Amino acid sequence: MIRRVSATSCLSATAFRSFTKWSFKSSQFHGESLDSSVSPILIPGVHVFHCPDVVGIVAKLSDCIAAKGGNILGYDVFVPENKNVFYSRSEFIFDPVKWPRSQMDEDFQSIAQQFSALSSVVRVPSLDPKHKIALLLSKQDHCLVEMLHRWQDGKLPVDITCVISNHERAPNTHIMRFLQRHGISYHYLPTTDQNKIEAEILELVKDTDFLVLARYMQFTCVFSSVSLEGSCFELLSANFLKDYGKDVINIHHGLLPSFKGRNPVKQAFDAGVKLIGATSHFVTEELDSGPIIEQMVERVSHRDNLRSFVQKSEDLEKKCLMKAIKSYCELRVLPYGIQKTVVF
């Protein structure tokens, strides 16, 4: 069951009178990114909440914001059917002088303790530091190029600390010149011994908030006498994921489940599929089975040649990964059970 709660319906009478002072022209509709230009004094914040479902959660959260002079601009609630669990995400504006950032954390934490919350996270984009991320990739560059250009244009709300690859790139390439110009380090770690490589990666990413696999794959050197192709193993081992202890987001080349093995795009092309896709998901111990964040699709036909087929596939991968990262940074993604996600 999904509950969609308007800002006014979950506010107290005092908060509603305060909210109505604001023109709807200054309000953001659900789905838009938070923008500090809403007011020269009031700045935007976002809060997500995950707890057992009981009566009064919405009222308590909205009263907390209203009591500090804040106004709710958007509010989403999700309560799964036949499950005692509650999810919410609120976008609000507030005066940082009247409601200091440290006090905001204490106020929401108090509510979290009252309702035995599993998660309570607040973020103020204009005051909080951006998420620090590292990018891992192999030979293909399309997702990396898209991320770097969006980051340069200020459309990707992260700080890229480094790029790690198991493929070497010449120093005079467009990507290497871009990284050098912006002070982003590039680390070439050839895939030889998995444990050694992962130890080096862990050292490089120890200060990051999450990782992004922008088409990263490792291959063992096990060859078939018939195909002469190497077999692949997991993206990152269970030990690596445990030691890193934070989220890792991957982009997959199709709709999961998908074609297995080498050159999956050509496999789909040869099979004559009429629908291609891309899937962004969290990395878990089991390859390509983590909770899905975002999926995109596009139709193809007999008129597509292999070049146009690959181009459409890569375009989907870029868009899907960008949307997943943006949603994650804007606190739109919450875990739902073991295998699913709630994406507001």
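Residues numbered from 1 in each chain as written. Predicted model: local features only at pLDDT ≥ 70, side-chain atom pairs only at ≥ 80, totals over all residues. Heavy atoms only, no water.

K.L.:
Please clarify how the pattern of salt bridges should be interpreted in this entry.
P.N.:
Where side chains of opposite charge bring their charged atoms close, a pairing between them can arise. Inspection of every chain in the model, using the stated rule, returns 14 salt bridges. The partner of Glu330 in a salt bridge is Arg332, and the shortest N-O contact between them spans 2.9 Å. Within this structure, Arg89, Glu91, Lys326, Glu330 and Arg332 form a network of salt bridges that share partners. (Salt bridge = Lys/Arg side-chain N within 4 Å of Asp/Glu carboxyl O.)

K.L.:
Help me understand helix H8 (residues 264–271) in this model?
P.N.:
The periodicity of an α-helix, 3.6 residues per turn, causes residues three or four positions apart to be oriented the same way. Within H8, the full set of buried residues consists of Pro264, Val265 and Ala268. The buried residues of H8 occupy one face: seen down the axis, they fall within an arc of 105 degrees. (Buried < 20%, exposed > 50% of the residue type's maximum accessible area, 1.4 Å probe, protein only. Helix = DSSP H or I, 4+ residues; strand = E, 2+ residues; numbered from the N terminus. Arc of directions from axis to C-beta.)

K.L.:
I keep staring at the pairing of strand S15 (residues 333–336) and nothing clicks. Help me out?
P.N.:
Within a regular strand, side chains alternate between the sheet's two faces. Pairing between S15 and strand S16 (residues 340–343): four bridges, direction antiparallel. Bridging from a neighbouring strand, Pro335 pairs with Thr341 of S16. (Pairing = 2+ DSSP bridges.)

K.L.:
Could you clarify how one ought to interpret the packing of helix H4 (residues 142–152) against helix H5 (residues 174–181) in this entry?
P.N.:
Relative orientation and spacing of two packed helices are given, respectively, by the angle between their axes and the distance between those axes. At a closest axis distance of 11 Å, the pairing of H4 and H5 adopts a crossing angle of 30 degrees. Judged by the twist between their axes, the crossing of H4 over H5 is left-handed. Touching Leu144, Val145, Leu148, His149, Trp151 and Gln152 of H4 are His174, Ile175, Phe178 and Leu179, all from H5. Its residues assigned to classes, the contact of H4 with H5 comprises seven nonpolar, three polar and no charged. (Axes fitted to C-alpha atoms, helices over the stretch in contact; angles between N-to-C directions. Left-handed = near helix turned anticlockwise from the far one by under 90°. Contact = heavy atoms within 4.5 Å. Nonpolar A, V, L, I, M, F, W, Y, C, P; charged D, E, K, R; others polar.)

K.L.:
I'm lost on helix H6 (residues 194–204) in this one. Help?
P.N.:
Every buried residue of H6 is accounted for by Gln194, Ile197, Glu198, Ile201 and Leu202. Projected onto a plane normal to the axis of H6, the buried residues spread over an arc of 140 degrees and lie on a single side. Across from the buried face of H6, at angles greater than 90 degrees, the exposed residues are Asn195 and Lys196. For H6, the secondary structure elements touched by its buried residues are strand S6 (131–137), strand S7 (158–165) and helix H7 (238–244).

K.L.:
How do you make sense of the side chain of Glu314 when you look at a structure like this?
P.N.:
Note on placement: Glu314 falls in helix H9 (residues 306–329). The buried charged residue Glu314 lacks any salt bridge, with Lys318 as its nearest oppositely charged partner at 6.4 Å. Discounting chain neighbours no more than four positions away, the residues touching Glu314 are Gln140 and His142. (Lys, Arg positive; Asp, Glu negative; His and termini not counted.)

K.L.:
Looking at this model, I keep getting lost on the packing of helix H2 (residues 57–67) against helix H3 (residues 101–114). Mind explaining?
P.N.:
Between H2 and H3, the shortest axis-to-axis distance is 11 Å and the interhelical angle comes to 165 degrees. Classified by the interaxial angle, the pair formed by H2 and H3 is roughly antiparallel. The two elements H2 and H3 meet at a crossing, and its hand is right-handed. Contact with H2, carried on its side by Lys60, Leu61, Cys64 and Ile65, involves Asp107, Phe108, Ile111 and Gln114 of H3 and no other residues of that element. Split by residue class, the contact of H2 with H3 holds five nonpolar, one polar and two charged. (Parallel < 35°, antiparallel > 145°, perpendicular 65-115°, else oblique.)

K.L.:
What is the right way to look at the packing of aromatic side chains in this model?
P.N.:
Describing an aromatic ring pair means giving the distance of the ring centres and the angle of the ring planes. Counted under the stated rule, the structure contains eleven aromatic pairs. Between Phe78 and Tyr336, the ring centres sit 5.6 Å apart and the planes meet at 80 degrees, which makes this aromatic pair edge-to-face. Note that Phe78 is positioned in strand S3 (residues 71–78) and Tyr336 in strand S15, a separation of 258 residues in sequence. The pair formed by Phe78 and Tyr336 is uniform in burial state, with each residue classed as buried. Measuring from centroid to centroid gives 4.7 Å for Phe210 and Tyr328, while their planes differ by 55 degrees, and the two rings are tilted. You can see Phe210 sitting in strand S9 (residues 210–213) and its partner Tyr328 sitting in helix H9, a full 118 residues away along the chain. Of the residues examined, Phe210 reaches a relative accessible area of 0% and is grouped as buried. Look at Tyr328 and you get buried, because its relative accessible area is 15%. Site record: aromatic cluster; members linked through ring pairs are Phe92, Phe94, Trp99 and Phe108. (Phe/Tyr/Trp six-rings, centres within 6.5 Å; stacked < 30°, edge-to-face > 60°.)

K.L.:
Any chance you could explain the sheet that holds strand S14 (residues 292–299) here in plain terms?
P.N.:
Two strands in a sheet stick together by hydrogen bonds in their backbones, pointing the same way (parallel) or opposite ways (antiparallel). Taken in spatial order, the seven strands of this open sheet run S8-S7-S6-S9-S12-S13-S14, and their pairing is mixed. Either end of the sheet is taken by a strand with one partner, and the two such strands are strand S8 (185–188) and S14. Recorded for the sheet is a direction-independent mean angle of 20 degrees between the axes of neighbouring strands.

K.L.:
For this particular structure, what's the right way to read unusual backbone geometry?
P.N.:
Glycine aside, a negative phi is what most residues show, and trans is what most peptide bonds show. Its identity is not glycine, yet Asn82 carries a phi of approximately 60 degrees, on the positive side. Assignment of secondary structure puts Asn82 in the loop between S3 and strand S4 (86–94). Within the chain, Leu331 stands out as a residue other than glycine whose phi angle is a positive 60 degrees. Checked against the element boundaries, Leu331 lands in the loop between H9 and S15.

K.L.:
Is there a simple way to think about the nonpolar core in this case?
P.N.:
Soluble globular proteins: nonpolar side chains tend toward being buried together. Judged by nonpolar contacts, the single largest core of 41 residues is most densely connected at Met147, Val158, Phe210, Leu321 and Ile325. Among the elements that make up this core, the one with the highest residue count is H9 (nine residues). Val158 has contacts with Lys130, His131, Ile133, Trp151, Phe210, Ile325 and Cys329, leaving out every residue within four places of it along the chain. Within the second largest apolar cluster, 23 residues are counted, among which are Leu61, Val79, Phe92 and Phe108. (Core = buried A, V, L, I, M, F, W, Y, C linked by side-chain atoms within 4.5 Å.)

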